[in-house]
Amino acid sequence: MTAKSENKYDPAAIEKKWHKIWDEQRLFAPDHKTAKKPFYNLVMFPYPSGEGLHVGNCFAFIGGDIYGRYQLMNGYDVFEPMGFDAFGIHSENFAIKKKTHPMKLIPSNIKNFRRQLKQLGFMFDWDHEVQTIDPDYYRWTQWVFLQLHKAGLAYRDKAPVNWCPECQTVLSNEQVISGMCERHPETAVERRDTEQWFFRITDYAQRLLDNLEWIDWSDITKTAQRNWIGRSEGADIEFQLEGCDKRICVFTTRPDTLFGATYMVLAPEHPIVDELTAPAQREAVKRYREEASRKKEIDRLAAGQEKTGVSLGAHAINPITNKPIPIWISDYVLMDYGTGAIMAVPAHDQRDFEFATVFKLPIVQVIDGPDVKQPLEEAYTGDGKMINSAPYDGMDCREVMKKITADLEAKGLARSQVQYRLRDWCISRQRYWGPPIPMIHCEKCGIVPVPQEDLPVRLPEADNFMPDASGRPPLARFEEFYKTTCPKCGKEARRDTDVNDTFLDSAWYFLRYPNTGNDKVAWDPEITRKWLPVDMYIGGNEHAVLHLMYTRFIYMAFKDMGLVEGQEPFKKFRAHGLLIKEGNKMSKSRGNIVTPDDYVERYGADTLRMYLMFLGPFQEGGDFRDTGINGVRRFLERSYRFFAEHCERSKDNGVRMKNEGELAKPLLTKIHQTIRKVTQDIENLSYNTAIAAMMELFNELKAAEKINRWTLESFALMLTPFTPHLAEELWELLGHSETIHRATWPEYDQALATTDTVDIAIQINGKLRGTIQVARDTNREVVESACMEHEKVKQHIEGKTIRKVIYIPNKIVNIVAT
């Protein structure tokens, strides 16, 4: 079965050969019912774009594949599935660009992606592929919606939502970056009042936050989620309106500054504005509200913007001073942050300070800090002692926060409160390419769920699927789709014509993977209990507050419904780094993506796999350059020739080793050190340093006078996760008839991996001046004495006074001399 190459490395022939063998043996298709040591290894599935797979995708998938193969060789039954996140705006916009219906274009894109993925030799179990556009899949996505609705977690409401004029659809808060559309960074998002479907993710805000303390995820991702959830502790404080019996509630994180609240500001959109506006102010208020409605949110919140506003001619009573304070509207206050009203404390909030300065409103300092200039030139936002706040004067402001809140609570004017930045997930989309929301609108019965037996609600193949600026969904144009009967009363009714956000499609896909083909349930409880939660999940950190937050929420909701076990969907998540090219992130929008096809054809899949992993730390990324790939190709060619030259076939078709003999002690130590290094590096996803260690070992193998079978077997086994096709071929050259993936990962001997001597770096004032070699754990005095006798050390300390000697055992001696 060995490739006829006369010691020439022929990756095309080798890779084709092993793809066929792996498929015939169903090597990467574990039995989900009988597996004894299940290990669910998952990478985020891709959007099947028209440009095809690019090396940025490959970078992520290869990193996951290496980890999966390593676990396979450690005796686990590894399930590594793949699918396609094929609904949504990405795919639809490409279809619009190509003037081809997405029902025709997207399946062809998927076919191309699948071809590219297969040629790279991933151990994906293609028997369990999922496509979100398959009615057999989105039938269950619609079922997920119905379960959330049944549990009271899905609701329809008229609310201010984010509208992208470029996408021509509503966006969730998470899809708005600094007031701009995350898909179109130069397009400002508008605010519209419209009825939409929402999921109550805010009900899970604290649980989502608490679990971040213990889940084994990348720190960068956990930090992003903490910031997005945005927990704030403070107080809701009631301000009585002057001249009536109504109150306005204000949330503040600084109740200690209440004595300094000299005015109140409402968002222009606040519903009580009309009621409070004095007759003389109505025209000015009307004009200002119209102007504010035309402003972008990013401009309203921008630092340094000149503060504008209009007085309503009304007053509220400061509950701690009992004095009236004027009520204003200003566009720096937003309706969907807090209660849409703030108590303005200009001495201790910079935006309030700027507003008060413009309109000559009182500025009362109530916290004194070090070096605070008088009069105030800017707001003082630090801590300190209370002033102008009798009876709290002289107390620490942090202590007063709780004291004032408690005192006002006793009067029914305040209550301790926790608020979150997180808002409910808006899942309605006014586009065509997505699963229709499975709800029916009946004049008599209201909004009624589609019965489960009637799922899926199929997306019709509509010719006119283009979105428009009206906000009216494309499906609302097709009577044959939306006209139906109410499942409750049987009278004429109307289907919901929105489709769901594509992030709902991907919020549960990992549950479907082990259960594909089951048309009875979305997932089988027994199989799910066996394989979930996912053992390792690898993906991009750009989804930290999109896919990953939504997935956690959905899983927690399923847990509460008794549909799954466990608290979190993924035991471990690691965010991979990003590839850059020509100084920029590799992306379709920048036009600098690189497809793998040409590289696989010229160099082979194994070369591309190893090269991408050698570019830099997997969790940081690297710079893709064409020149670097040749070095990796040469390394694989030399490895193949080395094995071919040292493995001789005997007459009985056995294999004997050339130059076989007892290993020299330094080489034996090096092999065990390399096995230890590669093992630890794979577990830490430090693939680039693992590759460097194998290259270093190979150079020593080539220079060795004697080698043995164990040496070459260990080297081939370590190569397997990185270059699986070549490793299979090397294994066969060694005379093995069974796949190398059934072999056991090599073990290292800790004693043999520990050298008897160490190199000590000698520094003088932090600069390296030489090294010495000593026995491991040599006494400090002996090490220092040997360093002082080093010729270069003598030169650099001559005439100087040694102030200190710092010694890090077995590593460094730093001599501080002046």
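Residues numbered from 1 in each chain as written. Predicted model: local features only at pLDDT ≥ 70, side-chain atom pairs only at ≥ 80, totals over all residues. Heavy atoms only, no water.

## Examining the pattern of salt bridges
Okay, so step 1: Summed over the entire model, instances satisfying the criterion amount to 38 salt bridges.
Okay, so step 2: D535 is the partner of K571 in a salt bridge, and the nearest nitrogen-oxygen pair spans 3.0 Å. With K571 in the loop between α17 (547-561) and β28 (572-576) and D535 in the loop between α16 (525-531) and β27 (536-540), this pair connects stretches of sequence that are 36 residues apart.
Okay, so step 3: The exposure class assigned to K571 is partly exposed, which follows from its relative accessible area of 46%.
Okay, so step 4: Exposure remark for D535: the relative accessible area of 13% places this residue in the buried category.
Okay, so step 5: Sharing partners across several salt bridges, the network here consists of K17, E729 and E732. (Salt bridge = Lys/Arg side-chain N within 4 Å of Asp/Glu carboxyl O. Helix = DSSP H or I, 4+ residues; strand = E, 2+ residues; numbered from the N terminus. Buried < 20%, exposed > 50% of the residue type's maximum accessible area, 1.4 Å probe, protein only.)

## Digging into the nonpolar core
Okay, so step 1: Residues W425, F510, L612 and F722 are the most contacted members of the largest nonpolar core, which totals 178 residues.
Okay, so step 2: A per-element tally of this core places helix α2 (residues 55-72) first, with 10 residues.
Okay, so step 3: Setting aside residues up to four positions removed in sequence, F510 forms contacts with Y40, L42, L532, V534, T551, Y555, P569 and F570.
Okay, so step 4: Among the nonpolar cores identified, the runner-up in size contains 43 residues, and F239, M264, I272 and M386 belong to it. (Core = buried A, V, L, I, M, F, W, Y, C linked by side-chain atoms within 4.5 Å. Contact = heavy atoms within 4.5 Å.)

## Description of unusual backbone geometry
Okay, so step 1: For the peptide bond that leads from L455 to P456, omega is 0 degrees, which places it in the cis range.
Okay, so step 2: Locating P456 in the fold gives a position in the loop between β23 (446-449) and α13 (479-482).
Okay, so step 3: Omega for the peptide link from L532 to P533 comes to 0 degrees, which places this bond in the cis form.
Okay, so step 4: Examined against the element boundaries, P533 turns out to sit in the loop between α16 and β27.
Okay, so step 5: The phi dihedral of Q168 falls on the positive side, at around 55 degrees, and the residue is not glycine.
Okay, so step 6: Checked against the element boundaries, Q168 lands in the loop between β5 (154-164) and β6 (169-171).
Okay, so step 7: Looking at Q168, the relative accessible area reads 18%, which means it is buried.
Okay, so step 8: In this structure, D371 takes a positive phi of about 60 degrees despite not being glycine.

The quantities given are spatial measurements derived from coordinates; they are silent on function.
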